[in-house]
Amino acid sequence: MLALKTSCEREEVYQTLCDMGLDQIARWIMVLPEDRWEGMFLSTWPTLAKKCGYNR
């Protein structure tokens, strides 16, 4: 079972995505602006964000 966090480090999300074999999405996360990546990740991939442990 995944524990949900209220915030995540981008590097944690990147590593989780890579571990899931989703390298292309992981690279997309890393090129997004620091101040916008969380919102964009949640709005674009909400189910995947939850699987990465991110829930706002």
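Everything below is about the structure shown above.
None of the values given here were measured: they were computed from a predicted structure.

Report on helix H1 (residues 10-19), specifying residues and quantitative values.
Listed in full, the buried residues belonging to H1 are Arg-10, Val-13 and Leu-17. Here the buried residues of H1 occupy an arc of 65° about the axis, which is enough to place them on one side. Considering only its buried residues, H1 is in contact with helix H2 (23-31), helix H3 (37-44) and helix H4 (46-51). Just downstream of H1 lies Gly-21, where phi reads positive at about 80°.

Quick rundown of the state of the cysteines? Include the residues and the values.
Scanning the entire structure with this criterion turns up 0 disulfides. Considering cysteine sulfurs only, Cys-52 is the nearest to Cys-18, which forms no disulfide, with 10.0 Å between them.

Can you explain the packing of H1 against H2? Please cite residues and give values.
Axis angle and axis distance: for two packed helices, these are the angle between their axes and the distance between the axes, and together they describe the pair. Axis separation between H1 and H2 bottoms out at 8 Å; the angle between their running directions is 165°. Of the possible angle classes, the one that applies to H1 and H2 is roughly antiparallel. Regarding H1 and H2, the two cross each other, and that crossing is left-handed. Within the contact between the two elements, H1 uses Arg-10, Glu-11, Val-13, Tyr-14, Leu-17 and Cys-18 and H2 uses Asp-23, Ile-25, Ala-26, Arg-27, Ile-29, Met-30 and Val-31.

Analysis parameters
Residues numbered from 1 in each chain as written. Predicted model: local features only at pLDDT ≥ 70, side-chain atom pairs only at ≥ 80, totals over all residues. Heavy atoms only, no water. Buried < 20%, exposed > 50% of the residue type's maximum accessible area, 1.4 Å probe, protein only. Helix = DSSP H or I, 4+ residues; strand = E, 2+ residues; numbered from the N terminus. Arc of directions from axis to C-beta. Contact = heavy atoms within 4.5 Å. Disulfide = S-S within 2.5 Å. Axes fitted to C-alpha atoms, helices over the stretch in contact; angles between N-to-C directions. Parallel < 35°, antiparallel > 145°, perpendicular 65-115°, else oblique. Left-handed = near helix turned anticlockwise from the far one by under 90°.

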